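# An overview of the molecular structure
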Amino acid sequence: QVQLVESGGGLVQAGGSLRLDCAASGRTFSGYIMGWFRQAPGKEREAVAGIQWSGGATFYADSVKGRFTISRDNAKSTVYLQMDNLKPEDTAVYYCAAKFRAFLGLWSRRETYDYWGQGTQVTVSS
């Protein structure tokens, strides 16, 4: 059974940085696509970034391009989301998600993913 555990959320001022970690366990993740999503109060859960575990291809929502970086550490089975130049509108609960053998073009769709973490809160103050 795949388990995903996020950590690294917190409170930061606008312009600051945070790094979120997603520790994955339960199997080897070769062939998986991993995604970061976020959900603000009263809003739909939206895709932030995705990464192909094996090939390392990365994908970003337009709203975070140039500010967020997704990466993974194969040895630690961990996916990271480095968030720089944070804005108040980045405030949300951030979730890690995983799917085995997804079409890369579907990385941003919630329905693509089979496994989700519990989420970690990110709050950006102005």
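Presented here is an overview of the structure given in this document.

Reading the values: the criteria
- Residues numbered from 1 in each chain as written.
- Predicted model: local features only at pLDDT ≥ 70, side-chain atom pairs only at ≥ 80, totals over all residues.
- Heavy atoms only, no water.
- Helix = DSSP H or I, 4+ residues; strand = E, 2+ residues; numbered from the N terminus.
- Buried < 20%, exposed > 50% of the residue type's maximum accessible area, 1.4 Å probe, protein only.
- Polar contact = N/O pair within 3.5 Å; in protein donor to acceptor, adjacent residues only side chain to side chain.
- Contact = heavy atoms within 4.5 Å.
- Salt bridge = Lys/Arg side-chain N within 4 Å of Asp/Glu carboxyl O.
- Pairing = 2+ DSSP bridges.
- Axes fitted to C-alpha atoms, helices over the stretch in contact; angles between N-to-C directions.

### Notes on the side chain of Asp 90
As for its position among the elements, Asp 90 is in the loop between strand S8 (78-83) and strand S9 (92-100). Of the residues examined, Asp 90 reaches a relative accessible area of 0% and is grouped as buried. Separated by 2.8 Å, the side chain of Asp 90 and the backbone nitrogen of Lys 87 make a polar contact. If we skip the residues at most four places from it in the chain, Asp 90 touches Arg 38, Arg 67, Phe 68, Asn 85, Val 122 and Val 124.

### Overview of the pattern of salt bridges
Overall, the coordinates contain eight salt bridges when judged by the stated rule. The residue Arg 110 makes a salt bridge to Glu 44 at a minimum N-O spacing of 3.4 Å. A residue pair is termed long-range when its members are at least 10 positions apart, and Arg 110 in the loop between S9 and strand S10 (115-116) and Glu 44 in the loop between strand S4 (32-39) and strand S5 (46-52) qualify at 66 residues. With its nearest N and O atoms 2.7 Å apart, the salt bridge here joins Arg 67 to Asp 90. Of this pair, Arg 67 sits in the loop between strand S6 (58-60) and strand S7 (68-73) while Asp 90 sits in the loop between S8 and S9, placing them 23 residues apart in sequence. Linked through salt bridges whose partners overlap, the residues forming this network are Arg 38, Glu 46, Arg 67 and Asp 90.

### Things to note about the sheet that holds S8
Strand order in this open sheet of four strands is S1-S3-S8-S7, and the pairing throughout is antiparallel. Every interior strand has two partners, whereas the edge strands, strand S1 (3-7) and S7, have only one. Here the average twist between neighbouring strands, direction ignored, is 15°. With five bridges joining them, S1 and strand S3 (residues 18-25) adopt antiparallel strand pairing. Looking at S3, one finds that Ser 7 is bridged to Asp 21.

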